[in-house]
Amino acid sequence: MSFGFFQKYACAKYLICTLWISGAMTMLTALATDSLAAKPVVSEEYMNATQERISRLFLKNGISVTHYQNDSDMMALIFDLDWSRDDYLYGWGLHRQFIAALMTQQTQRFGRDELADKITNIAQTIRCGPTPSCLNDNVHLTCSIYAPHKYLTENLEVLHSIITEPKFSSQDLEVRKKNALLSIQSCANKDRWQLNKSLHALRFTPSGFNDYYYNLAAQVKRLTTDDLTKEYQKFLNARRMNFAVVSPDKATNIQKTLNKTFGSIPSWHYESHIQYLEHFLKHSSYDQRRVVYHPKDLSNIFVKISFSTPGGYSTHQEAWRLLMNVMYINFFEQLRSHKGLSYAPSVSSGVISFTTSKLKESMDVVRDFIKSMREDPLHGKGLQEYTNAFYTEYFRSQSNTFEIAQYLHGYSYPFYRIDTWSFFPKLIAEVDVKTLRFLAQYYLRNFKIAILGPQKLVGDTSLYNDYFDPEVVVSYP
């Protein structure tokens, strides 16, 4: 699961700040040792009952459907069309943004006014995304519905038309292009944008590709409706599609209903472009610098420090989320509360960021903080002090029909771990201190640093080339 998935539900990523809901739960406390994990506050029966509501089925053309049977008169549906990462490397993510923005404007079956009226009358929400912005990011096109369940058939008819027969208008495209260009220009003028671009170049992309990823204005200007139509036809394939559905219907009834419309979408084998990707990477080199500095006359210095993260298939996902929770709380406490060196210290999965006017003093705090995380991740506290917020969020995730659909979608694709959501309290309670310490030692290394600010405050950035290098741990516990 990508770390940004939980950002919606917390002041910072991964359930880090105070949560909005208070549950009538008994909070247990437990001192943590290397062999002792926190105690769950959710019963096994409750988790099993949640899991029993979830089913995974397939339409006759192979489209995956993850269904949750709720007790509400509302339904929620999220449709997902995958632009795979190797496709996206070649710029088709940009096409996807404009396709998503235009496909709910009008279709071959429904004109602009008729489609707008239908959506207004049968749904609270029908939308597709992502819409054009200053990022060529996110490899999925998603469409979502939130509506009274009694209008399920009518909503599916509208959604089917939106997905299978969108009508791309030149007039609509020009409006979106103009807005996208304004967004791109706005982002380019932001200090944090420059930092993100630099960090992305240092860690993730071959030399030269970063300009293609971020410098989108020229590509936007060239787009035509013919481009969108031709590109979309390449991806209108059942093999790339999946659904997350929450409704009071039984899963088999939802399967039958979806088969009447989406079951007829063609499903065909498609050649991955991975061979072109391998060719591209073979003839490219990665930026070997550890630190990149951008001089700019500001009153403060902006810093982002990138580190390694576990992959989506890692068995340590819950432990990693807990570790990021611990890191955020303690880093904020150290850099802001104790030292007063920054107003905006933050930790997300893979990135430590802060602003400061005293770079060397702040870097010293970061170095000591990383060292302390590797030696004692909990900073002498018990695991229960950090895990209770996760249990609260677990109940929150089941409190709203559309939120359930979002969780189902996030957990079931692309890793198909549909039981992870149901049994999350048990999984997070099984995390022990030994695993947290291992993760801190294994991943808090290979640091890349982006700095932006005035030379008189920044000083010699070469000092930080090997500033955070720890011993390397090479084996899992």
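Residues numbered from 1 in each chain as written. Predicted model: local features only at pLDDT ≥ 70, side-chain atom pairs only at ≥ 80, totals over all residues. Heavy atoms only, no water.

S.K.: Got a minute to help me understand the overall build of the protein chain in this structure?
M.R.: On a plain count of helices and strands, the protein chain comes out with 19 helices and 11 strands. When burial is assessed residue by residue, the protein chain has 55% of its 477 residues classed as buried. Of all intrachain contacts in the protein chain linking residues separated by at least 6 positions in sequence, the fraction that spans at least 24 positions is 82%. Roughly 21500 Å² of accessible area belongs to the protein chain as shown, and the carbon and sulfur atoms make up 49% of that amount. (Helix = DSSP H or I, 4+ residues; strand = E, 2+ residues; numbered from the N terminus. Buried < 20%, exposed > 50% of the residue type's maximum accessible area, 1.4 Å probe, protein only. Contact = heavy atoms within 4.5 Å. Areas by Shrake-Rupley, 256 points an atom, 1.4 Å probe, with all protein chains shown as cover.)

S.K.: Looking at this structure, I do not really get the packing of helix α13 (residues 359-375) against helix α18 (residues 433-443). What am I missing?
M.R.: A packed helix pair is summarised by two numbers, namely the angle formed by the two axes and the spacing between the axes. α18 packs onto α13 with a crossing angle of 140° between their chain directions and a minimal axis gap of 7 Å. Relative to α18, α13 is oriented oblique. Listed contacts from α18 to Met373, Arg374 and Glu375 of α13 are Arg437, Ala440, Gln441 and Tyr442. Looking at the contact of α13 with α18, its residues break down into 3 nonpolar, 1 polar and 3 charged. (Axes fitted to C-alpha atoms, helices over the stretch in contact; angles between N-to-C directions. Parallel < 35°, antiparallel > 145°, perpendicular 65-115°, else oblique. Nonpolar A, V, L, I, M, F, W, Y, C, P; charged D, E, K, R; others polar.)

S.K.: So what exactly am I meant to see when it comes to the sheet that holds strand β4 (residues 125-129) here?
M.R.: In sheet architecture, strand pairing relies on hydrogen bonds along the backbone and comes in two forms, parallel and antiparallel. Spatial strand order, β1-β2-β6-β3-β5-β4: 6 strands in an open sheet with mixed pairing. The sheet is open, and its two borders are formed by β1 (54-58) and β4, each paired with just one other strand. Direction aside, neighbouring strands of the sheet carry axes that sit 15° apart on average. Note that strand β3 (residues 74-82) and strand β5 (residues 140-148) share 9 bridges and pair antiparallel. Along β5, the bridge assignment pairs Met75 with Ala147. Those strands touched by helix α4 (residues 152-164) are β3, β4, β5 and β6 (241-247), and its axis lies near 160° from that of β5. (Pairing = 2+ DSSP bridges.)

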